[in-house]
Amino acid sequence: MEDFLQNNGFLLVTLTQQALLAISLYYPLMTGQLSVASPGFYAVGGYIAAIMGTIDFFAPWRAVLGWAIFPLEWLIAGLVSAVLAVLVGIPALRLRGIYLALATIAFVEILRVLCLNMEITGGAIGIFGVPQMFENRWSYIWVFGPLLIIMLLFTWRLEQTRVGRAFKAVREDEMAADCMGVNPTYFKVMAFVIGAVLAGVVGAMSAPFLNTWNARQGTFDASIAYLAYVLIGGSRSMWGPVMGAILLAALPEILRPLKDARLIINGLVLIIASIYLPQGIVGALQRLRIFMIRRVSSMSGGS
């Protein structure tokens, strides 16, 4: 088991991390909002952890708290992301569709440019030597793995509550939801904040895992990648982002022996899935399940 983790641990942690980031994008989509701001909050969380782990000002904290400095970094990253999400979300979420997507892309790019030009973030070089939680990279699965389980349970429970039903009502028909007493802006901002907090915490966990942090961690390319995870996996189920992230993040590694040809195959998979799986992998599996149930029922009725 240890040999397996030594050889494949980094990939397992990366898949779990990408699944969490895909889920962070799923929350705004629950309210019908095409937001791609998660890489920005992910970058903010990572910079908070990197700064707290390397700047001399925080050295006494690190000496006193020891290992407990890491949960403190996650907490601060989550709080900062929440505040930033409220400040950005209230004006931005008045937009809809592609206009909201453009606004959140602008947010990600503004953060990237700021980080490239600030001394505390290390400029274009970034921050190196971020203190690590574990000696082995694969050990981070014991941090990302439980968080993924917690977020899946949280999402499942959220969908059963009044808040989750309000999210879906806003997604299906915002005007009708408003007429029924559901405040669309309130619930859209709430979903946006939940996704931002998750992305910020994942960023704070990822900086020690990667041992370095720079402006390349939060870019437009990352926004498109996370959005592809959700759309290919399925945006109407919490399992969609997880399945999409695992498939698309693992595919380049599986096809690595093909060298440059793997990029072509990866692109073909995206094109084929977009055309033939409009509701994502989970949607296709659900349709297949319904078809099989009806087929079995018709056969039982005929007999």
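Since the structure is predicted, the reported quantities are computational estimates derived from the model, not experimental observations.

Here we take up the overall build of the protein. The helix and strand tally for the protein stands at 13 helices and two strands. The globule rule puts the C-alpha radius of gyration for 303 residues at 19 Å, and the 21 Å found for the protein is close to it. Within the span of the protein, comprising 303 residues, buried residues form 49% of the whole. Within the protein, residue pairs in contact and separated by at least 24 positions form 78% of the contacts whose partners lie at least 6 positions apart. Accessible area for the protein stands at about 15,600 Å²; split by element, carbon and sulfur atoms hold 68% of it.

Following both chains from N to C, one finds helix α2 (residues 38-54) and helix α9 (residues 184-210) inclined at 45°, their axes separated by 6 Å at the closest point. Here α9 runs oblique to α2, going by the angle between their axes. Note on packing geometry: the crossing formed by α2 with α9 is right-handed. Along its contact with α2, which presents Ser-38, Phe-41, Tyr-42, Gly-45, Gly-46, Ala-49 and Ala-50, the element α9 presents Phe-192, Ala-196, Ala-199, Gly-200, Val-202, Gly-203, Ala-204, Ser-206, Ala-207, Pro-208 and Leu-210. Among the residues forming the contact of α2 with α9, the class breakdown is 12 nonpolar, six polar and no charged.

Turning our attention to unusual backbone geometry. For Asn-211, which is not glycine, the phi torsion reads 70° and is therefore positive. Looking at the secondary structure, you find Asn-211 in the loop between α9 and β2 (212-213). Residue class for Asn-211 comes out partly exposed when judged on its relative accessible area of 28%.

Our focus in this paragraph is the packing of aromatic side chains. Going through the model one piece at a time under the given rule, you end up with 15 aromatic pairs. Taking 6.1 Å as the distance between ring centres and 70° as the angle between the ring planes, the aromatic pair formed by Phe-144 and Phe-209 counts as edge-to-face. Residue Phe-144 is found in helix α6 (residues 141-160), and its partner Phe-209 is found in helix α9; the two are separated by 65 residues along the sequence. By relative accessible area, Phe-209 is classed as buried at 1%. Through pairs of rings, three or more aromatic residues link up here, namely Phe-10, Phe-134, Tyr-140, Phe-144 and Phe-209. Across from the ring centre of Phe-209, 5.6 Å away, lies the NZ or CZ of Arg-137, which sits over that ring.

For the rest of this paragraph, the subject is the side chain of Lys-188. With respect to the secondary-structure elements, Lys-188 resides in helix α9. Those residues in contact with Lys-188, other than ones at most four positions away along the chain, are Thr-31, Gln-33, Leu-93, Val-170 and Glu-174.

We now examine the packing of α2 against helix α4 (residues 69-92). Interaxial distance between α2 and α4 falls to 9 Å at its minimum, and their mutual angle equals 140°. On the basis of their axis angle, the class for α2 and α4 is oblique. α2 and α4 meet at a crossing whose hand is right-handed. Residues Phe-41, Val-44, Gly-45, Ile-48, Ala-49, Met-52 and Gly-53 of α2 lie in contact with α4, whose contacting residues are Ile-69, Leu-72, Glu-73, Ile-76, Ala-77, Val-80, Ser-81, Leu-84 and Ala-85. Here the residues of the contact of α2 with α4 are counted per class, giving 12 nonpolar, three polar and one charged.

All right, on to the layout of surface pockets then. Computed from the structure, the largest pocket encloses a volume of approximately 520 Å³. In this structure, the largest pocket is lined by 26 residues; those nearest its centre are Thr-14, Gln-17, Gln-18, Tyr-229 and Ala-249. Here the residues of the lining of the largest pocket sort into 17 nonpolar, six polar and three charged. Each pocket or cavity is described by its volume, and for the second largest pocket that value is around 160 Å³.

Before going further, it helps to examine the confidence of the model for the protein. Confidence along the protein averages 87 in pLDDT terms, with 97% of residues attaining 70 or more. Across the protein, the secondary-structure element scoring lowest on mean pLDDT is helix α12 (residues 261-276), at 76, and the one scoring highest is α6, at 94.

This next bit is on α12. Between the first and last C-alpha of α12 there are 22 Å, a value that for 16 residues agrees with the 22 Å anticipated at 1.5 Å per step. Of the residues making up α12, those classed as buried are Arg-262, Asn-266 and Ala-273. Along the axis of α12, the buried residues cluster in a sector spanning 45°; they form a single face. Opposite the buried face of α12, by more than 90 degrees, sit the exposed residues Ile-264, Ile-275 and Tyr-276. Contacts made by the buried residues of α12 are with α10 (220-233) and α11 (239-254).

Bringing the environment of Leu-227 into the picture now. When you line up the elements, Leu-227 lands in helix α10. Measuring from C-alpha to C-alpha, the distance between Leu-227 and Ala-22 comes to 7.2 Å, with 205 residues separating the pair along the chain.

Each value, and the rule that gives it
Residues numbered from 1 in each chain as written. Predicted model: local features only at pLDDT ≥ 70, side-chain atom pairs only at ≥ 80, totals over all residues. Heavy atoms only, no water. Helix = DSSP H or I, 4+ residues; strand = E, 2+ residues; numbered from the N terminus. Rg over C-alpha atoms; globule rule 2.2 N^0.38 Å. Buried < 20%, exposed > 50% of the residue type's maximum accessible area, 1.4 Å probe, protein only. Contact = heavy atoms within 4.5 Å. Areas by Shrake-Rupley, 256 points an atom, 1.4 Å probe, with all protein chains shown as cover. Axes fitted to C-alpha atoms, helices over the stretch in contact; angles between N-to-C directions. Parallel < 35°, antiparallel > 145°, perpendicular 65-115°, else oblique. Left-handed = near helix turned anticlockwise from the far one by under 90°. Nonpolar A, V, L, I, M, F, W, Y, C, P; charged D, E, K, R; others polar. Phe/Tyr/Trp six-rings, centres within 6.5 Å; stacked < 30°, edge-to-face > 60°. Lys NZ or Arg CZ within 6 Å of the ring centre and 35° of its normal. 1 Å grid on protein atoms, 1.4 Å probe; cavity = no way out; pocket = protein on both sides within 12 Å on 5 of 7 lines; lining within 4 Å. Points joined across faces, edges and corners; volume = space filled by probe spheres on them. pLDDT = per-residue confidence, 0-100. Expected span 1.5 Å × (residues − 1). Arc of directions from axis to C-beta.

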